[in-house]
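Each chain, written out:
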Amino acid sequence: MASAGTLADRIQKEIKEVPVLLYAKSTCKFCERTKKLLKIANVTPHVVELDKRDDGPEIQKILANLTGRNTVPNIFIWGESIGGSEEILSLYSTGILKQKLLQHSVPAFQSGDKFDYDLIVIGGGSGGLGCAKEAGKLGASVLLLDYVTPSPSSLKTQWGLGGTCVNVGCIPKKLMHRAAILGHEFNDSKLFGWKTPDSIGHEWGTMVHNIQNYIKGLNFQSTKDAIRTFVEYSNAQGHMVDPHTVQCISRGKDGAVTGDKTVTGKYIVIATGGRPTYPSIPGAVEYGITSDDLFSLPYAPGKTVVIGASYVALECAGFLKATGFDVTVLVRSILLRGFDQQMAELIGDYMTNMNGINLIRKAVPIKIEQISAGNPGILRVTYETMDPTDPDKKVQQVIECNTVLFAIGRSPCTKDISLDKAGVVTDSTGKIPTIYEQTNVTHIYALGDILKDKLELTPVAIHAGRLLAHRLFNNATLQCDYTNVATTVFTSREYGAIGLAEEDARAVYGDDKIEVFHGQFVPLEDAIPKTQEFEVKGYPFEYPWCYAKLVCNKADNNRILGFHVLSPNAGEITQGYAVGIKMGATKADMDATIGIHPTCSEIFTTLAITKESNIDITPGGC
Ligand code: FAD
Ligand code: NDP
């Protein structure tokens, strides 16, 4: 009895202290559904798997006494008993889950101590800069530290203030995507009467030079913005010494330490972002490069093998092919994990059939060898894949190329900054679990790509950073809403998405609640060139090169849960619709909207066919 009492006390304490607590069983399908839902809602629960603990049955009894519920999942938010999977789904669907999480305002930090700064921000990328500049504008004394460790490849690439997005992410990527689109359009232009020469070459060096010059301007602008907003910027590496103290180490070009000082801050923000991961295979670091090197590569990459199948891999594959290089992508499992898989497969189809990119499925690299040195040299990639004659058998294959680009994900830069000395908890990958941006140490916050279970996107990091500054220094309470964030994959045919993938919506709400409206369309700008290209390639005109779908909740007035479009300019299309979806748009709202003709975007105002009906969606006339 005594030990049950002790356990009951511990459970009650846990319920009171842990923001989102999920008692579950690893084999329970309702628990699985709840975990998926919380992931979709960008909520990181603390999960207690009762079937994996000796005291699980006893805990379940205690929970039954406390809540009257003896089944799992059993969920608590900020100490309040929420119920099980149906209850949490209902809270999510009605927006109350968000409110419940937002309700809990950040406890104000109380201390009579004096600090050198009101705020120290470690990391000057999207999130760090967003937060530091806003805090500076609000009158806080702010120190911003930013330091870029050279890339591990032989190129040792480094860059200026602004973080991943500006230097080795969104900006150079989108500009190279632009170069790719121009290439496609030159090809189409003859059909519109332009006397374009038959063969148009592309000069890698000119593109890189101009993009890098533009980026240098952005680095300069970031430094100016920091000064203008009264932020003290230091090109130094930050390490935690204790919960309020940061060691700032400056280094020269050769990496040698040139300065070392220690400062204290009332609040600390960790916004150190991530860096590309290398696989542990022979030759990877010696001969492979990553996106950190690609955008400033001083020589044309030549025939390229891209390893990975998500955002970075597919986007890079797209612009490399369009700017004139032979491209093979080694796909370990699926394309674009986390995205709607029907859309991902359509992209794969398009890349293969329309762009001529070689996608090799179920292929994992084993070693990289150099055949000859040079810029670029010649490399040999050995990879393991399925035997085409026997899918249960694995075979090794080789492919020769000039460049190997690893795009297999990114690791958070949290491992060598001594977070343990500040008491900040990370998961095994180095990601930081937070409630919104607050870590387990109440005056230490985290932003951007290092957050566990949050989207790794620039506008997300900036938005969260700005709101955090207002909560810390402007008595604001508004938290960043991480749900229904629009995003776009800039593959040669862009893919825009908001909300849930169709399969996630079905898993969370149940098949019977989901209605999918969809349509296929031909962008007018493509109609002439693609018709001819299709004739040459022998594809039927109905080939689904553009596709749109709305995933709706039948049980809630066909409210839109997921928006997906594969189209030219999908990024521009999707951003606009994101406002409607954020406001809770239903299918009827789309139907009541009059389209702009002739655009790609108008398809969403006329989607009339449900997937379930199996009616042909081949496009007709106006
Ligand atoms: P970062 O921008 O990475 O900034 C972190 C900064 O902290 C870096 O400058 C780093 O060097 C520095 N730092 C690290 N450790 C320390 C330390 N100890 N001390 C001091 N400084 C330190 N997102 C989009 O929204 N749209 C896109 O189109 C897009 N395209 C992308 C394309 C590529 C190839 C990649 C890789 C990413 C892309 N992203 C895109 C994602 C986007 O770039 C990131 O989500 C965003 O930059 C994250 O911001 P952050 O502040 O978390 O980190
Ligand atoms: P992701 O983590 O999204 O994807 C990693 C990919 O690499 C997956 O396809 C994965 O396959 C594969 N992979 C992982 N390990 C191996 C391995 N050892 N061998 C072979 N393949 C492997 O990483 P990304 O770098 O593409 O993107 C990082 C983040 O950057 C994204 O989450 C996104 O938020 C952001 N980003 C945003 C962009 C935009 O907004 N347009 C563009 C680019 C990036 P598997 O599925 O089998 O695990």
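Within any chain, residue numbers begin from 1 and follow the written order of that chain's sequence. Chain letters and ligand numbers both follow the written order, the letters beginning at A and the numbers at 1. pLDDT decides what is reported in this predicted model: residues at 70 or higher carry local features, side-chain atom pairs at 80 or more are listed and counted, and totals for whole chains, interfaces and linings draw on all residues regardless. As a convention, hydrogens and water are excluded, and side-chain values are obtained from all of the structure's heavy atoms.

Going by an unreviewed UniProt entry, the protein carries the name thioredoxin-disulfide reductase (NADPH) and comes from Oopsacas minuta. In its Cofactor (unreviewed entry) section, the UniProt record describing the protein reads: "FAD". Per UniProt, the protein has the following entry under Sequence similarities (unreviewed entry): "Belongs to the class-I pyridine nucleotide-disulfide oxidoreductase family." UniProt positions are given in the numbering used here, feature names are shortened, and annotations may be inferred rather than shown by experiment.

A.B. asks: Explain the overall build of the protein here, please?
C.D. replies: Each helix and strand in the protein was counted, giving 19 helices and 27 strands. Taking 622 residues into account, the globule formula puts the C-alpha radius of gyration at 25 Å, and the protein, at 26 Å, falls close to it. Structurally, the protein occupies a C-alpha span of about 80 × 65 × 55 Å along its principal axes. Residue burial in the protein is summarised as follows: out of 622 residues, 52% are buried. Residue pairs at least 24 apart in sequence account for 65% of intrachain contacts in the protein once pairs closer than 6 positions are excluded. Helix and strand assignments come from DSSP, with helices taken as H or I runs of at least 4 residues and strands as E runs of at least 2, each series counted from the N terminus. A radius of gyration in this sense is built from C-alpha atoms; the matching globule rule multiplies 2.2 Å by the number of residues raised to 0.38. Residue burial is assigned from relative accessible area. The probe radius is 1.4 Å, only protein chains are included, and a residue is buried under 20% of its type maximum, exposed over 50%, and partly exposed in between. Working rule for contacts: check all heavy atoms of both residues, and any pair within 4.5 Å makes them a contact.

A.B. asks: In this structure, what is going on with the side chain of Q438? I would like to understand it.
C.D. replies: The topology assignment puts Q438 in the loop between α14 (419-422) and β21 (444-446). Reaching out from Q438, the side chain makes a polar contact with the backbone oxygen of T442 at a distance of 2.9 Å. In protein, a polar contact requires one atom able to donate a hydrogen and another able to accept it; more generally it is a pair of N or O atoms within 3.5 Å, and residues adjacent in sequence count only if both atoms are side-chain atoms.

A.B. asks: I'm lost on the UniProt feature "domain: FAD/NAD(P)-binding" (unreviewed entry) in the protein in this one. Help?
C.D. replies: When the UniProt feature table is mapped to this numbering, "domain: FAD/NAD(P)-binding" (unreviewed entry) covers residues 117-465. Spanning residues 117-465, this segment combines 31% helix with 29% strand, and its end C-alpha atoms are found 17 Å apart.

A.B. asks: What should I look at first to understand the site of ligand 2 in this one?
C.D. replies: For this purpose, a residue is taken to be near a molecule or strand whenever a single non-hydrogen atom of the residue falls within 4 Å of it. Taken together, 20 residues are adjacent to ligand 2, and E315, S333, R337, E456 and T488 come closest. One nitrogen or oxygen atom from the side chain of K173 is found 3.4 Å from a nitrogen atom belonging to ligand 2. Here an oxygen atom of ligand 2 and a side-chain polar atom of S310 are 3.0 Å apart. Only the protein chains shown count as cover for residues, and the accessible areas themselves come from Shrake-Rupley with a 1.4 Å probe. Compared with its free state, where it exposes 920 Å², ligand 2 has 79% of that area covered by protein. Contributing elements (two or more residues each) for the shell around ligand 2: α12 (311-322) and β22 (487-489). Side-chain classes are defined by residue name, with Ala, Val, Leu, Ile, Met, Phe, Trp, Tyr, Cys and Pro counting as nonpolar, Asp, Glu, Lys and Arg as charged, and the others, Gly among them, as polar. A per-class count over the shell around ligand 2 returns eight nonpolar, six polar and six charged.

A.B. asks: Teacher, can you tell me more about the sheet that holds strand β24 (residues 514-520) here?
C.D. replies: Hydrogen bonding along the main chain pairs the strands of a sheet, whether they run parallel or antiparallel. Strand pairing follows a simple DSSP-based rule, namely that at least 2 bridges must link the two strands. Spatial ordering of the open sheet is given by β22-β23-β26-β25-β24-β27, a layout of six strands whose pairing is antiparallel. Whereas interior strands pair on both sides, the edge strands pair on one side only; in this sheet they are β22 and β27 (609-610). Pairing between β24 and strand β25 (residues 547-553): seven bridges, direction antiparallel. The residue bridging E515 from the neighbouring strand is C552, located in β25. Running at roughly 165 degrees to β24, helix α16 (residues 502-509) makes contact with β24, β25 and β26 (559-567) of the sheet. Angles shown run from 0 to 180 degrees and are taken between the N-to-C directions of axes, each axis being a line fitted to C-alpha atoms and, for helices, limited to the stretch in contact.

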